[in-house]
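Working through the structure, step by step
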Amino acid sequence: MRRKNIALAVLLVVACALPFLVSNFRVFQLTMVLIYAIVLLGLNMLTGYNGQISLGHGAFYAIGAYTAAILMDRFGVPYWLTIPVAGAVCLAAGFLFGLPALRLEGLYLALATFALGVALPQLMKYKHLEHWTGGVQGIVIVKPDAPFGIPLNADQWLYFFSLAVTVVMFILAVNLLRGRIGRAMVAIRDHPIAAGAMGVNVAMYKSLTFGVSAMYTGIGGALGAIAVQFVAPDSFNVFLSIAFLVGIVVGGLASIEGAIFGAIFIQFVPNLADQISKAAPWAIYGIFLIAFMYLLPGGIAGLIKALRRRYDR
Amino acid sequence: MTASKTWAPVAFAFALAVAPGAFAQKKYDPGASDTEIRIGQTMPYSGPASAYGTIGRVEAAYFQKINDEGGINGRKIKLLSVDDGYSPPKTVEMTRKLVEQDEVLFMFQPLGTAANSAIHKYLNTKKVPHLLVASGATKWADPRNFPWTMGWNPSYQTEGRIYAKDILANHSSGKIAVLYQNDDYGKDLLKGLKDGLGDKAAKMIVAEASYEVSDPTVDSQIVSLKGSGADIFVNIATPKFAALAIRKVYDVGWRPVHYLNNVSLSVGSVLTPAGLEKSVGLITTAYLKDATDAQYANDPGMKDYLAFMKKYYPDGNIADSSNTYGYSAAQALVQILKQCGDNLTRENVMRQAANLKNLQLPLGRPGVLINTTPTDFQMFKSMQLQRFDGKQWVGFGDAVQ
C-alpha cells in the first residue's frame, strides 16, 4: 500500500511537469488523454464492473459537449460551471434511458444503446433544435485563458483544469467502487439472481450505474468541447462510441487505472497507424488491436497486475 | 589616400552585391526555405466522406508534376495531407499538429464545412493562411473579420445571383416560383437570387415553398407552386429532392423555364432517376469543364489534364469531377506561389492570394476568371450557364457575373 502511494505521487508530479516539457500541441493531446480517461472510467463502471455493454456512450459524450457549448455560447455561462451542469444533465439522461433499457440484457442492451448513438447526431440537426445546436454548422466556442494572471498559456491552463477534474473524478470512482456500491455492482455482473437474493435492488443499481456512467462521460464531453473549441453533429459519430469500448477493453476491464492506459491507446494509436501506413491506417490499427487482445487478454492493467504479482513473490 | 583607393572598388562591389539583394531579399516564415515550401492539408481519406479523398490525392500528384519540372522558383512543394476522417475534433488535432509541430507555411484546401468551421478561428488567431477552403459556404469570404481565410468554391449566393441575372436578361416579365431546402444552404442560395433580382424580387417571385430533409416527397409543394401561375421555376434542392421535383413538375403538366441548382447537376444520380426525357431543357451553372463532355475533347486544357492523369495519377477516375476540382485548385495555388517570388512569408502568401487578376484556369469554363482583391475574397464571381439536351449538359453563352 505504501509503495502504491509513492507511485501515485510520482505519477502526479510527472503529470504536473509534462506541460512544461512538451510543445503546446502535445499539451492539447495530453488534455484529450485526460478527457478520454474520465470517459473510459465511466464506461468501465458500466461494462467492466456492472457487466452491461454500451455501444452508445458517444451520445452521452455529445450531450455533455453540447450542454457546455450551448451554455457558453448562448448564455455566457463561465466554462468551469458548465462541467457540473453537463454532468447533472447526463446523469439524468443516463438514468432515464437506463430505466427502460435495463429490461434488456447483454447484446439486446448493446443494440438499444447503439441506436441511441446512431440517432443522436441526427437529432442535433433537427430544425427546432437548430436555434440551440447551430444545426450542421455546429457551435464555435472560445478557449478560456488562465485566471488570476497565472502565467500559463490557454493550452497549459486547460490541461491543469482537466487534470484537476480527472483527479477528483478518479477519487470519487475509487471510493464508489471499493465500497458497498461497488461490491453490489460486481455482484450483479457476476450473478444477478444471487445478488437479488442477497438484498441488492438489481434494477435500481443497474439504472444508477448507467446514470453515473453517463455522468462521467458527459463531464468528459464538456471538457472535450472546451478543448476542441467546436461541436458539430459530425464530431460524434458511432465510431466514437466504439472507440470508447475499444479503450476500456485494451486498458483493462474492471480496472480503474486501465482507463488511463485505454485513453492513451485511443488518442495515440490511430495517429501511429496513420504514420506507419498512409494507404491502410485502419488495417494497421486492426493489427495493433489483435496483437493486444492475443498478448494481453487482461488489457494493459492486467499485464501490470501480473508483473506486480511476480515481483512481490 | 591610398587606403580609400584600395577600398573604393571593394565598396563598389559590395554595393553592387547588396543592391539587388535589397530588392529581392529572401524572406521566409516557418515552412519555407531555399529548397522547399511545406503545406498542410486535412482530408477525409476515411469515414463517410472518403469519396472526396481523391481531391487530396490528385493535388499531391499535381505537386509531384510541378516538382519534377523544377518546382516553383526552384523550391519543391511538400504537401503534408493527413486524414481527419471527416470528424471536426480530429481536424483540429491534425491542424494543430501541422501548424505547431510540422510547421507548415499555410493550410491548403482542408475539406468540409464543419471541419473548416472548427479551425477557422484557430488559424486566424495564429495568422496562418487558410487557403482555398473546400466548401461552398459564404462565410469563407469575410476579409474584414477573417483576413487569413479564403474559400475556393463559388458561394451559393453567387450562384443565386447568376440565375437572377439570366432571368432578368431573358425572362424579365416572368413570374417565379421557388422550391428550397429549409437550411443554411437553401436560404443562402435564395438570398443570392433575391439580391440579384433587387427591387423586382418582391414582384417577380410569386410563390416560395420549402421542404425539410426529412420530408418523404415534395409533391404537395410542386402542386401549390404550379397553382401560383408561375412560368419560371427555381429548384434549390439536394439530389434526391431535386430528382423528385423534376419528375413531379413534368408529370403535373407544368412546363416552366426550369433552373436547377448546381449541387444536383449529376446526370447519373439526379437526372436519370428523374427521367432523362423529363429533364430536357433544365438550366444550371458550371465553372469548371466536365471531362465527360464531348465538346471539350480537343480542348488543350482538357488534353493536358488527361495526359497528367495518365502519367501521375493513373488510379484516378478522369470522369470524377472531384479530380478536375483538385487539379484546378492546385493550379490556382501554384499561381499564388509563383506571384510570391522569394518573399514566402505568411503575410505575403495572403497578399498574393488576394491579388489574382483575370486568372483563366485551363479547366475553367470560357470567361470564368478568378479575380480577388484585399477586400474581396470571393474567387469565382462568374459562371457559365448550361442546358441539358437529353443526354448531357451543354454550355451556352458567355460567363455570367
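Residues numbered from 1 in each chain as written. Chains lettered and ligands numbered in written order. Predicted model: local features only at pLDDT ≥ 70, side-chain atom pairs only at ≥ 80, totals over all residues.

Within chain B, the secondary structure is distributed over 13 helices and 14 strands. Reported as C-alpha extents along the three principal axes, the dimensions of chain B are approximately 100 × 45 × 45 Å. Buried residues in chain B amount to 48% of all 401 residues. If you take every contact in chain B between residues at least 6 apart in sequence, the share linking residues at least 24 apart comes to 68%. (Helix = DSSP H or I, 4+ residues; strand = E, 2+ residues; numbered from the N terminus. Buried ≥ 20, exposed ≤ 12 C-beta atoms within 10 Å, placed from the backbone. Contact = placed C-beta atoms within 7 Å.)

Let us now look at the overall build of chain A. Tallying secondary structure elements over chain A gives 14 helices and two strands in all. Computed over its C-alpha atoms, the radius of gyration of chain A comes to 19 Å, within 12% of the 20 Å expected for a compact globule of 313 residues. Each of the three principal axes of chain A carries a C-alpha extent, and together these read 50 × 45 × 45 Å. Burial analysis of chain A (313 residues in total) assigns 45% to the buried set. (Rg over C-alpha atoms; globule rule 2.2 N^0.38 Å.)

In this section: the nonpolar core. Judged by nonpolar contacts, the single largest core of 202 residues is most densely connected at A:I38, A:L40, A:A69, A:I219 and B:A245. Here this core takes 16 residues from helix α2 (residues 24-49) of chain A, the largest share from any one element. (Core = buried A, V, L, I, M, F, W, Y, C linked by C-beta atoms within 7 Å.)

Okay, the pairing of strand β13 (residues 383-388) of chain B next. Residue and element names in this part refer to chain B. The buried fraction of β13 amounts to five of the six residues, a majority that puts the element mostly inside the structure. In the sheet, β13 pairs with strand β14 (residues 393-400) via five bridges, with the strands oriented antiparallel. Bridge pairing in β14 places M383 opposite V400. Between β13 and β14, which pair antiparallel one after the other, the connecting turn spans four residues, and G390 there sits at a positive phi close to 105°. (Pairing = 2+ DSSP bridges.)

Mapped onto the elements, B:W140 comes out in the loop between β5 (130-133) and β6 (149-151). Residues in contact with B:W140, not counting those within four places in the same chain, are B:V133, B:S135, B:T149, B:M150 and B:G151.

Among the residues making up helix α13 (residues 346-353) of chain B, those that are buried are B:N348, B:V349, B:M350 and B:A353. In this structure, the buried side of α13(B) is in contact with β4 (106-108), β5, β6, α12 (321-340) and β12 (343-344) of chain B.

If you look at the interface, chain B gives 21 residues, while chain A gives 20 residues. Among the elements of the structure, β3 (76-83), α3 (88-101) and α4 (113-126) of chain B are those that each provide at least two residues to the side of chain B that touches chain A. For the side of chain B that touches chain A, the leading source of residues is α3(B), giving eight residues. By residue class, the composition of the side of chain B that touches chain A is seven nonpolar, five polar and nine charged. (Nonpolar A, V, L, I, M, F, W, Y, C, P; charged D, E, K, R; others polar.)

A positive phi angle is found at A:A254, which is not glycine, with a value near 50°. If you check the backbone angles, B:Q109 has positive phi at about 55° while not being a glycine. What makes B:Q109 buried here is the crowd of 27 C-beta atoms within 10 Å.

Moving on to the domain arrangement of chain B. All names here are of chain B. Splitting chain B by domain gives domain 1 (36-154 + 298-382) and domain 2 (157-286). Facing the six residues of domain 1 at the interface are five residues of domain 2. Tallied by class, residues from the side of domain 1 that touches domain 2 come to two nonpolar, two polar and two charged. (Domains from an automatic or database assignment.)

Quick look at the confidence of the model for chain A now. Segments scoring low in pLDDT should not have their predicted coordinates read at a detailed level. Averaged over every residue, the pLDDT of chain A is 86; residues scoring 70 or more account for 98%. Within chain A, the lowest mean pLDDT, 72, falls on helix α6 (residues 127-133) of chain A, and the highest, 92, falls on α2(A). (pLDDT = per-residue confidence, 0-100.)

Here we take up the sheet that holds β6(B). Residues and elements named next belong to chain B. Reading across from one edge, β3-β2-β4-β5-β6 is the order of the five strands in this open sheet, with parallel pairing throughout. The strands lining the two open edges of the sheet, one partner per strand, are β3 and β6. The sheet shows a mean angle of 25° between the axes of neighbouring strands, taken without regard to direction. With respect to the sheet, α12 is in contact with β2 (36-43), β4 and β5, its orientation differing from that of β5 by roughly 145°. (Axes fitted to C-alpha atoms, helices over the stretch in contact; angles between N-to-C directions.)

Below, the discussion takes up the packing of helix α7 (residues 154-178) of chain A against helix α10 (residues 202-228) of chain A. Residues and elements named next belong to chain A. Remark: α7 packs on α10, axes separated minimally by 11 Å, with the N-to-C direction vectors making an angle of 175°. On the basis of the axis angle, α7 is roughly antiparallel to α10. Across from L158, S162, V165 and M169 in α7, the residues of α10 making contact are Y216, I219, L223, I226 and A227. Of the residues that constitute the contact of α7 with α10, the class distribution is eight nonpolar, one polar and no charged. (Parallel < 35°, antiparallel > 145°, perpendicular 65-115°, else oblique.)

Before going further, it helps to spend a moment on the environment of B:L333. All names here are of chain B. The topology assignment puts L333 in helix α12. Separated by 225 residues in sequence, L333 and F108 have C-alpha atoms that sit 8.3 Å apart. Leave out the neighbours within four places in its chain, and L333 touches F108, L131 and L132.

A few words on the packing of helix α8 (residues 180-190) of chain A against α10(A). Residue and element names in this part refer to chain A. Running from N to C, α8 and α10 point in directions that differ by 110°, and their axes come no closer than 10 Å. Put simply, α8 runs roughly perpendicular to α10. Taking contact as the criterion, the partners of A184, M185 and I188 in α8 are, on α10, V202, Y205, K206 and T209. A breakdown of the residues in the contact of α8 with α10 according to their chemical character gives five nonpolar, one polar and one charged.

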